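Report on the structure
The primary structure of each chain is shown beneath.
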Amino acid sequence: IVPIVMAGVLGIYGLIVAVILTQAIRPPASGGYTSYSMYNGYAHMAAGLCCGISCLAAGGTIGVIGDAGVQAFGLKASGGKRAWAEGSDGDGDVGVGGNSEAANAEAANKLYVGLLIMLIFSEALALYGLIVALILSQHTYVCEGAE
């Protein structure tokens, strides 16, 4: 469930950037002149792309880490028995060295801690993108009325 929650946070990062960028857009004046310059447009596009692409990369790494982590966690918790892959009832497979249940649980917990650390660092990729997007969105240039 941890990778699912972390992936949901990535969507919230995009929502934060979208709200900040839409508040900076002003409608044209009565004469048809706008104060929203091309500089602002490109800065906002860069902010959106920065947040979006960094969240895409972080989401991909969260998915890969989550998939590999769940498989390895299940293998460690079962003591290395692979009865589901062979289609047998598991009587002939004693696992990796015939470890006890306590040792299997301890090894699975160590694996879980490593999994969480990798997930946190992959989430940091998106956080860096959010920070850069917020910095980019604060740069503005207001057009003067060209009448």
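This one's a predicted model, so the numbers in the text were calculated from it and none came from an experiment.

**Let's talk about the overall build of the chain**
A tally of regular secondary structure across the chain gives four helices and zero strands. The buried share of the chain, reckoned over its 147 residues, is 23%. Counting contacts in the chain only where the partners sit at least 6 residues apart, residues at least 24 apart contribute 80% of the total. Element-wise, carbon and sulfur atoms account for 69% of the exposed surface of the chain, whose accessible area totals about 9600 Å².

**Side note on the environment of Leu 111**
Within the element layout of this structure, Leu 111 appears in helix H4 (residues 101–137). Note: C-alpha distance between Leu 111 and Val 70 (41 residues apart in sequence) is 9.9 Å. With residues up to four places along the chain from it excluded, the contact list for Leu 111 reads Gly 69, Ala 72, Phe 73 and Lys 76.

**Remarks on the nonpolar core**
Among the nonpolar cores identified, the biggest contains 16 residues, and Leu 10, Tyr 13, Val 17, Cys 51, Cys 55, Leu 119 and Ala 126 are the most heavily contacted of them. Contributions of two or more residues to this core are made by helix H1 (2–23), helix H2 (38–77) and H4. Among the elements that make up this core, the one with the highest residue count is H2 (six residues). With sequence-adjacent residues up to four places away left out, Ala 126 is seen in contact with Leu 10, Tyr 13, Ser 54, Cys 55 and Ala 58.

**Observations concerning the state of the cysteines**
Throughout the structure, instances matching the rule amount to zero disulfides. Here Cys 50 stays unpaired: no disulfide links it, and the sulfur of Cys 51, its closest cysteine neighbor, is 7.3 Å away. Note on Cys 50: relative accessible area 24%, which makes it partly exposed. Among the cysteines around Cys 51, which has no disulfide bond, Cys 55 carries the closest sulfur, lying 4.1 Å off.

**Digging into the environment of Ile 65**
Summarising the element assignment, Ile 65 is placed in helix H2. With a relative accessible area of 16%, Ile 65 lands in the buried category. Spatially, the C-alpha atom of Ile 65 lies 7.2 Å from that of Leu 115, the residues being 50 residues apart in sequence. Not counting residues up to four positions away in its chain, the partners in contact with Ile 65 are Leu 115, Met 118, Leu 119 and Ser 122.

**A short note on a nonpolar patch on the surface**
On the surface, Met 38, Tyr 42, Met 45, Leu 49 and Ile 53 cluster together into a nonpolar patch covering about 580 Å² of accessible area. With respect to the helices, strands and loops of the structure, Met 38 is situated in helix H2.

**Description of the confidence of the model for the chain**
With 82% of its residues at a pLDDT of 70 or more, the chain shows a mean pLDDT of 82. No element of the chain has a lower mean pLDDT than helix H3 (residues 83–86), at 58, and none a higher one than H1, at 92.

Procedures and definitions
Residues numbered from 1 in each chain as written. Predicted model: local features only at pLDDT ≥ 70, side-chain atom pairs only at ≥ 80, totals over all residues. Heavy atoms only, no water. Helix = DSSP H or I, 4+ residues; strand = E, 2+ residues; numbered from the N terminus. Buried < 20%, exposed > 50% of the residue type's maximum accessible area, 1.4 Å probe, protein only. Contact = heavy atoms within 4.5 Å. Areas by Shrake-Rupley, 256 points an atom, 1.4 Å probe, with all protein chains shown as cover. Core = buried A, V, L, I, M, F, W, Y, C linked by side-chain atoms within 4.5 Å. Disulfide = S-S within 2.5 Å. Patch = residues over 30% accessible without salt bridge, like charges linked within 9 Å, V, L, I, M, F, W, Y side chains within 5 Å. Salt bridge = Lys/Arg side-chain N within 4 Å of Asp/Glu carboxyl O. pLDDT = per-residue confidence, 0-100.

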